[in-house]
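# Coordinate analysis (summary)
Listed below are the residues making up each chain.
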Amino acid sequence: MPDKSAACADERFRPFGERMRSAGMDKLVIEQFRRHYVQLLAGGTGLITRHEIDPLDEVPDLEQLDNYSPEGIRALDKVVVIKLNGGLGTGMGMERAKSLLEVKNNLSFLDIIARQVLHVRRAYNCRLPLILMNSAGTRKESCELLRRYPDLGGSIPPDFLQHSIPKIEQGSLAPVSWPAHPAMEWCPPGHGDIYCALVTSGMLALLLAEGFEYAFVSNADNLGAVMDVGILGYCASLKIPLVMEVADRTEADRKGGHLARAKNGTLVLRELAQCPEEEKEMFQDISLYRYFNTNTLWLNLVALEKLLKKHGHVLPLPLIINSKTVDPRDSASPAVYQLETAMGSALSVFPGAAAVRVPRIRFAPVKACNDLLGLWSDAYVLTEDVRLVQNPGRRYGQIVIELDPRYYGHIDQMKARFRSGVPSLVDCEKLVVEGDVLFGGDVVMKGIVRITNMSGRQMSISDGRVLEGSVILNERVDSGRNV
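Rules behind the numbers
Residues numbered from 1 in each chain as written. Predicted model: local features only at pLDDT ≥ 70, side-chain atom pairs only at ≥ 80, totals over all residues. Heavy atoms only, no water. Helix = DSSP H or I, 4+ residues; strand = E, 2+ residues; numbered from the N terminus. Rg over C-alpha atoms; globule rule 2.2 N^0.38 Å. Buried < 20%, exposed > 50% of the residue type's maximum accessible area, 1.4 Å probe, protein only. Contact = heavy atoms within 4.5 Å. Lys, Arg positive; Asp, Glu negative; His and termini not counted. Charge placed at Lys NZ, Arg CZ, Asp CG, Glu CD. Expected span 1.5 Å × (residues − 1). Phe/Tyr/Trp six-rings, centres within 6.5 Å; stacked < 30°, edge-to-face > 60°. Lys NZ or Arg CZ within 6 Å of the ring centre and 35° of its normal. Pairing = 2+ DSSP bridges. Axes fitted to C-alpha atoms, helices over the stretch in contact; angles between N-to-C directions.

Next up on the list: the overall build of the protein. Secondary structure summary: the protein contains 13 helices and 25 strands in total. Relative to its length of 483 residues, the protein is compact, with a C-alpha radius of gyration of 24 Å against a globular reference of 23 Å. The principal-axis extents of the C-alpha atoms in the protein amount to approximately 85 × 55 × 45 Å. Expressed as a percentage of its 483 residues, the buried residues of the protein come to 52%. Within the protein, counting contacts between residues at least 6 apart in sequence, those at least 24 apart form 68% of the total. With 56 positive and 59 negative side-chain charges, the protein shows a spacing of 2 Å between the two charge centroids.

Quick look at the structure:
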């Protein structure tokens, strides 16, 4: 007998398929989205419960991989660097690629990434192409910036494009319509789209044809993710198809995706959106789930091609269902579902995938203006071998910065309030700013500093101040300690 449920699903998917074909989408992208949509229709939640997984006790440590470095050096001519560069930095008030932001010594993220790659090329006399996975909104300016570095040129194109998929109206499960801003009817499918995009762009076939066997993949805003010949050698020597870099979870990472082991023994990445509501407190227990995903992967491209062929070029990645509004800035706009996948969730799809525990120095992402201020300051330095590292002169660990999002949440706001220069934070353990504060030049922070403006208007910290402890600003009193 014909499968009525399948026929119904096909009928309900029809307007999505038509919309995607009209937009020129590749048939693989449409098929990938169809599979996810069918899961949604069938009541799939994408949730992973604690009964399906066990905490992960131990993973190999980067420090244990030094013996693999010679093999890694031999493999350098077969590896490419891929940076995920599709983000526009909208959370920081930007409308262009976040990677174009200046981060250190008047250099942007992309400037530093290009120099990191060129440094490895020169040090080891290897090919090492740099490839960006761009979005339509980041492609033009990002590729223009890379043209400043003609030595990066070669036979491999500098980028390929991630895809877009339709948003789904929650009530009807039909394609959402938003005539005021038609572009908002579409969304990115998450960085798990990299596998499909490598195929549809022709990039995977080209890389294999040119003799490349490995890809080192990370976020463009994580300048700590630099080439490591120990991990590369580990992948090459043991023929591991996928290695994820993980780090110890801290309180700051408790909402980030954590690693676990499925009951069948495979590694699993579970994101917060995949956790049942009643288990979210347990999800955030960093003593139970000890390792988080840095979103840095090492891929064996030959193994990837074989796995893609096995699955009809659409990897069966776990589905993430995100509930949003069609206009993310308008909470009254229609509620939609965005169907996404995570790049790291391929851990559960690749037989023999592994994880490596790395130090925090390899994870320095910029997700908000708080993070950027730390990198701007003297708490971090750019080394001669183009690594962005914590200042050796710091006595504390990673600096904690909490700026009032009302006044520092967007990049232009923060630049305006630090227009006379970024304070010295090398001796600062934690900085908290509440209220609207304008900083003078050559300000120095020491220890734990909490600045509170209670006046209801902008107040200033004068040039050359040295601040420690609690600083209360109001109309009549500046009780900050000026040492």
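After presenting the structure, the write-up continues.
With 16 residues, helix α4 (residues 109-124) ought to run about 22 Å at 1.5 Å a step, and its terminal C-alpha atoms sit 23 Å apart, in line with that. The set of residues buried in α4 consists of Phe109, Leu110, Asp111, Ile112, Ile113, Ala114, Gln116, Val117, Leu118, Val120 and Arg121. Asn125 lies just past α4 and shows a positive phi near 50°.

Here we come to the environment of Lys140. Mapping Lys140 onto the fold places it in helix α5 (residues 139-146). A relative accessible area of 60% means that Lys140 is categorised as exposed. Along the backbone, Lys140 and Lys446 are 306 residues apart, and their C-alpha atoms lie at a distance of 42 Å.

In this section: the packing of aromatic side chains. Within the structure shown, the criterion is met by eleven aromatic pairs. For the pair Phe418 and Phe439, a centre-to-centre distance of 4.6 Å together with 20° between the ring planes defines the contact as stacked. Of this pair, Phe418 sits in the loop between α13 (411-417) and β21 (428-434) while Phe439 is found in strand β22 (residues 437-439), placing the two residues 21 residues apart along the sequence. As far as burial versus exposure is concerned, Phe418 and Phe439 are alike and both buried. Site record: aromatic cluster; members linked through ring pairs are Phe13, Phe16, Phe33 and Tyr37. Of note, Arg249 hangs over the ring of Phe283, and the distance from its end group to the ring centre comes to 5.4 Å. Positioned above the aromatic ring of Tyr408 is the side chain of Arg417, whose terminal nitrogen or guanidinium carbon lies 5.9 Å from the ring centre.

In this section: the sheet that holds strand β15 (residues 320-325). Across the sheet, three strands lie side by side as β8-β16-β15; this open sheet has antiparallel pairing. Looking at strand neighbours, the two that pair on one side only are β8 (168-169) and β15, the edges of this open sheet. Bridging between β15 and strand β16 (residues 335-340) involves six bridges; their strand directions are antiparallel. By the bridge assignment, Lys324 is partnered in β16 with Val336. Against the sheet, helix α2 (residues 27-41) contacts β8, β15 and β16, and its axis sits at roughly 125° relative to β16.

Glancing now at the sheet that holds strand β20 (residues 400-403). Strand order across the open sheet formed by four strands is β20-β21-β23-β25, with parallel pairing between neighbours. At either margin of the open sheet sits one strand with a lone partner, and together these are β20 and β25 (466-473). Sheet twist, expressed as the average angle between the axes of neighbouring strands with direction ignored, equals 10°. Inspection of the sheet shows strand β23 (residues 444-453) paired to β25 by eight bridges, in the parallel sense. By the bridge assignment, Val449 is partnered in β25 with Gly469.

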